[in-house]
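# Structural characterization, general
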Amino acid sequence: MKYIISTLGCKVNQYETQAMETLLKQHGHSPAEEGEQADAVIVNTCAVTAESGRKSRQTIRRLKEANPGAVLAVCGCYSQISQEEVSALGAQVIFGAADRKKLVEAVEEAVEKGRGCRCVDQPFKRRDFERLPSGAVSGRTRAMLKIQDGCVNFCTYCIIPYTRGRLRSLPIPEAVEETRRLAGLGYRELVLTGIEVASYGLDLPGHPGLADVVCAVAEAAGEMRIRLSSLEPTVITEDFCRRLAASGRLCRHFHLSLQSGCDRTLKAMNRKYDTAGFYRATELLREYFPGCAITCDLITGFPGETEEDHRETLAFIKKCAFEGMHIFPYSRRPGTPADSMPGQVENAVKARRAHEAQEIAEQMHQDFLRSCIGSRLSVLFETQEDGLWTGHSDSYVLVSAPGENLRGQIRQVLVSEVRGEQLFGHLDD
């Protein structure tokens, strides 16, 4: 069977897609070559915003049109809450945000026997953490390991608790076993990911925390370095930072979920922190991980956000001096409390506020890059072009340097200049 898989959304979706592809390859199937008609098309969708839903529908239509004879399978958060819409788009196999192994089996059966399947569960009835193959589909550079699923924060703008369900965590012994296996396969970096990793362990006996699993994984990682996915700022405490810094394997890049720099707006979003707490988290990270890169997410034009609120946010992001930002105009998501809130902001205003924040973000990014000149960065090299090897530093900045056969190597680079959006230097080890 020849297949195509397309992924939208977060790193967890990326992880689950690579797991499905691993399963497909284990069953003897192979990806369709460019221009080759596929027997099956699988779209792993996203529903975090209404725009994400639109892009999911667009991708489904595009791939169906390009592969008219293929079985169309759709899974993920969008199909979890919009299965009728997905069915109307022609999907024969419809799953939600669970049961990836069963999805692969259902696709095989649909191709072999022409039998469709709809298997969308009730997310809040999920109790067990779904075990899937970790790693990467090809190469031995960076692997992903999902350690957590689900979210019960119920932010007023977010649909994800209704698609992913309650908290479920991978027990520490299993995380350690997988880490050792991946280290033995030669991976150089391990990304720990989840829907809301700051809540790791709340469902497990004894309630181990995120620091517990990270330290255990770091001890088992061998030569792999460890990278964390998006964090809630509430998990950043002095004890958390002290323990992770002592592990010696953690990458110095932290992506924190900010969403707004205005306390009034944060409260309306039902976020669990204020700006003072968030800023304290950035101070702790910079104290224990000197030279670290801190990035964040920001939503502009949330219902009820005034110009004064927006100006507070702009002042706050300057104060935090982020290395990078993901900035989104607020997108109404039916089924969330924010969708029916008064004070909905006009699209043009949301876009203008996003643009103003983006201008500041770009300046901060350049400031951070310039601050790296003269420093030595640990770089995992991945690609080569025109005699230059490029990879990501432990602070997740792209760095290029001349050299030979550096793929998969972690080397020290002395940074000498900024070239556009990345750094350039020479090996210094």
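Quick note: structure is the one above.
One structure accompanies this document, and this report is about it. (Residues numbered from 1 in each chain as written. Predicted model: local features only at pLDDT ≥ 70, side-chain atom pairs only at ≥ 80, totals over all residues. Heavy atoms only, no water.)

### As for the overall build of the chain
Scanning the chain from terminus to terminus reveals 13 helices and 18 strands. A compact globule built from 429 residues should have a C-alpha radius of gyration of about 22 Å, and the chain, at 22 Å, falls within 12% of that. Each principal axis of the C-alpha distribution contributes one length, and for the chain these read about 60 × 60 × 50 Å. Within the chain, the proportion of its 429 residues that are buried is 53%. Across the chain, contacts joining residues at least 24 apart in sequence account for 73% of those joining residues at least 6 apart. For the chain, the accessible area works out to roughly 18,300 Å², and carbon and sulfur atoms hold 49% of it. Considering the chain, the positive charge centre built from 53 side chains and the negative charge centre built from 57 side chains are found 3 Å apart. (Helix = DSSP H or I, 4+ residues; strand = E, 2+ residues; numbered from the N terminus. Rg over C-alpha atoms; globule rule 2.2 N^0.38 Å. Buried < 20%, exposed > 50% of the residue type's maximum accessible area, 1.4 Å probe, protein only. Contact = heavy atoms within 4.5 Å. Areas by Shrake-Rupley, 256 points an atom, 1.4 Å probe, with all protein chains shown as cover. Lys, Arg positive; Asp, Glu negative; His and termini not counted. Charge placed at Lys NZ, Arg CZ, Asp CG, Glu CD.)

### Some thoughts on the packing of helix α12 (residues 307-320) against helix α13 (residues 347-371)
Close contact between α12 and α13 brings their axes to 10 Å; oriented N to C, the two are set at 15°. By the criterion of interaxial angle, the relationship of α12 to α13 is roughly parallel. Considering only the axes of α12 and α13, their crossing is right-handed. Of the residues in α13, those in contact with E307, H310, L314, I317 and K318 of α12 are V349, R352, R353, E356, A357, I360 and M364. Across the contact of α12 with α13, the residue classes break down as six nonpolar, one polar and five charged. (Axes fitted to C-alpha atoms, helices over the stretch in contact; angles between N-to-C directions. Parallel < 35°, antiparallel > 145°, perpendicular 65-115°, else oblique. Left-handed = near helix turned anticlockwise from the far one by under 90°. Nonpolar A, V, L, I, M, F, W, Y, C, P; charged D, E, K, R; others polar.)

### Brief notes about the pairing of strand β15 (residues 388-393)
Remember that side chains alternate between the two faces of the sheet whenever the strand is regular. With five of its six residues buried, β15 lies for the most part within the structure. Pairing of strand β14 (residues 376-385) with β15 involves six bridges; the strand directions are antiparallel. The partner of E385 across the bridge, within β15, is L388. Pairing analysis gives five bridges linking β15 to strand β16 (residues 398-402), with the strands arranged antiparallel. Bridge assignment links H392 to a residue of β16, and that residue is L398. (Pairing = 2+ DSSP bridges.)

### Let's talk about the side chain of T17
One can find T17 in helix α1 (residues 11-26). When its relative accessible area of 7% is taken as the criterion, T17 is described as buried. Contact partners of T17, with chain neighbours within four places excluded, come to I5, T7 and N44.

### Details of the layout of surface pockets
Of the pockets and cavities examined, the second largest pocket occupies roughly 230 Å³. Taken together, 21 residues make up the lining of the second largest pocket; nearest its centre are A198, Y200, G209, L210 and V235. Going through the elements one at a time, α8 (210-220) and α9 (238-247) are the ones with two or more residues in the lining of the second largest pocket. Counting residues per element, the lining of the second largest pocket draws most heavily on α8, which supplies three residues. Split into classes, the residues belonging to the lining of the second largest pocket amount to nine nonpolar, six polar and six charged. (1 Å grid on protein atoms, 1.4 Å probe; cavity = no way out; pocket = protein on both sides within 12 Å on 5 of 7 lines; lining within 4 Å. Points joined across faces, edges and corners; volume = space filled by probe spheres on them.)

### Some words on the nonpolar core
Ranked by internal contacts, the top residues of the largest apolar core, which has 57 residues, are L210, I236 and F322. Sorting elements by how many residues they give to this core places α8 first, with seven residues. Once residues within four sequence positions are removed from consideration, L210 is found in contact with I147, V197, A198, Y200, L231, V235 and F240. Counting residues in hydrophobic clusters, the runner-up holds 29 residues, among them C46, I60, A91 and Y330. (Core = buried A, V, L, I, M, F, W, Y, C linked by side-chain atoms within 4.5 Å.)

### Thoughts on α1
Counted at 1.5 Å a residue, the expected span for α1 with its 16 residues is 22 Å, and the 22 Å between its end C-alpha atoms agrees. For α1, the buried fraction is high: twelve of the 16 residues fall into the buried class. Within the span of α1, buried status applies to V12, N13, Y15, E16, T17, Q18, A19, M20, E21, T22, L23 and L24. Phi turns positive one or two residues past the end of α1, at G28, with a value near 95°. (Expected span 1.5 Å × (residues − 1).)

### Some remarks on the pattern of salt bridges
One pass over the full model with this rule turns up 32 salt bridges. Across the pair K146 and D149 runs a salt bridge whose closest N-O atoms are separated by 3.1 Å. Overall, K146 belongs to the buried group, its relative accessible area being 1%. We note a salt bridge from D428 to R376, for which the minimum N-O separation is 2.8 Å. Note that D428 is positioned in the segment after β18 (422-427) and R376 in strand β14, a separation of 52 residues in sequence. In this structure D428 comes out as partly exposed when scored by relative accessible area, which is 32%. For R376, a relative accessible area of 45% puts it in the partly exposed group. Salt bridges linked by common partners bring E16, R100, K146, D149, R164 and R168 together as one network. (Salt bridge = Lys/Arg side-chain N within 4 Å of Asp/Glu carboxyl O.)

Take it as geometry only, folks, not as evidence of what the structure does.
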